[in-house]
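This is what each chain is made of:
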Amino acid sequence: GLGLAAAVASVAPAMAAGDAENGAKIFVKCKVCHAIGPDAKNKVGPIMNGLPGRKSGTVEGYSYTDANKNSGLTWDEATFKDYITNPKAKIPGTKMVFVGLPEAQDRDDVWAYLNTFNADGSPKK
């Protein structure tokens, strides 16, 4: 009875957290250096396909700083949002110059957008 209602209540807000459509608009800021989608190639920054669940510093053919390679981070939701708030604070020595996304909603939306792609860049159905 009560346990199920509590479980459902705790799941619902998480699902509403990120707006992928708005995240696509915010990602325009990221596109200067990062590509995502079926034809994505590494640019100034590595591709974002398959970021969720990826270990930091592991995209094939991308030249990372030691700071990123040795960070020991895996890109889950909490880690990504912490990082993108202030990249240089999370990984001192990163070459990512982007100042960060100070608004929590923007971080939620970009994470939701990144999660609309499969690791090969194809859109999730």
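Residues numbered from 1 in each chain as written. Predicted model: local features only at pLDDT ≥ 70, side-chain atom pairs only at ≥ 80, totals over all residues. Heavy atoms only, no water.

A closer look at helix α4 (residues 77-85)
Those residues of α4 not exposed but buried are Thr79, Phe80, Lys81, Tyr83 and Ile84. Tucked inside the fold, the buried residues of α4 contact α3 (66-69), α5 (87-90) and α6 (104-114). (Buried < 20%, exposed > 50% of the residue type's maximum accessible area, 1.4 Å probe, protein only. Helix = DSSP H or I, 4+ residues; strand = E, 2+ residues; numbered from the N terminus. Contact = heavy atoms within 4.5 Å.)

Some points on the pattern of salt bridges
Scanning all chains against the criterion turns up four salt bridges. Glu77 is paired through a salt bridge with Lys81; the nearest N and O atoms lie 2.5 Å apart. Here Lys81 and Glu77 lie together in helix α4, a separation of four residues that amounts to about one turn. Overall, Glu77 belongs to the partly exposed group, its relative accessible area being 38%. We classify Lys81 as buried; its relative accessible area is 15%. Across the salt bridge formed by Asp82 and Lys90, the nearest N and O atoms sit 2.8 Å from each other. In this structure Lys90 comes out as partly exposed when scored by relative accessible area, which is 28%. Within this structure, Glu77, Lys81 and Asp108 form a network of salt bridges that share partners. (Salt bridge = Lys/Arg side-chain N within 4 Å of Asp/Glu carboxyl O.)

Some points on the side chain of Asp106
With respect to the helices and strands, the residue Asp106 is situated in helix α6. Among buried Asp, Glu, Lys and Arg side chains, Asp106 stands out as unpaired, with Lys29 the closest opposite charge at 4.8 Å. (Lys, Arg positive; Asp, Glu negative; His and termini not counted.)

Looking at the nonpolar core
Soluble, globular proteins show a tendency: their nonpolar side chains are buried together. Phe27, Ile36, Leu51, Trp75, Phe80 and Leu114 are the most contacted members of the largest nonpolar core, which totals 19 residues. Of all the secondary structure elements, the ones that give two or more residues to this core are α4 and α6. Among the elements that make up this core, the one with the highest residue count is α6 (four residues). Residues within four places of Leu51 in sequence aside, it is in contact with Trp75, Phe80, Trp111 and Leu114. (Core = buried A, V, L, I, M, F, W, Y, C linked by side-chain atoms within 4.5 Å.)

As for the confidence of the model for the chain
Taken as a whole, the chain shows an average pLDDT of 91; of its residues, 87% reach a score of 70 or greater. Of all the helices and strands in the chain, helix α1 (residues 2-16) carries the lowest mean pLDDT, 52, while helix α2 (residues 20-26) carries the highest, 98. (pLDDT = per-residue confidence, 0-100.)

Brief notes about the side chain of Asp108
Checked against the element boundaries, Asp108 lands in helix α6. For Asp108, a relative accessible area of 17% puts it in the buried group. Among residues more than four places away in sequence, those in contact with Asp108 are Ala17, Gly18 and Lys81.

Some details on the layout of surface pockets
Here the largest pocket is characterised by a volume of approximately 520 Å³. As for the largest pocket, its lining consists of 31 residues, and the residues nearest its centre are His34, Pro46, Met48, Tyr83 and Met96. Those elements that place two or more of their residues in the lining of the largest pocket are α4 and α6. Sorting elements by how many residues they give to the lining of the largest pocket places α4 first, with three residues. Its residues placed into classes, the lining of the largest pocket shows 19 nonpolar, eight polar and four charged. (1 Å grid on protein atoms, 1.4 Å probe; cavity = no way out; pocket = protein on both sides within 12 Å on 5 of 7 lines; lining within 4 Å. Points joined across faces, edges and corners; volume = space filled by probe spheres on them. Nonpolar A, V, L, I, M, F, W, Y, C, P; charged D, E, K, R; others polar.)

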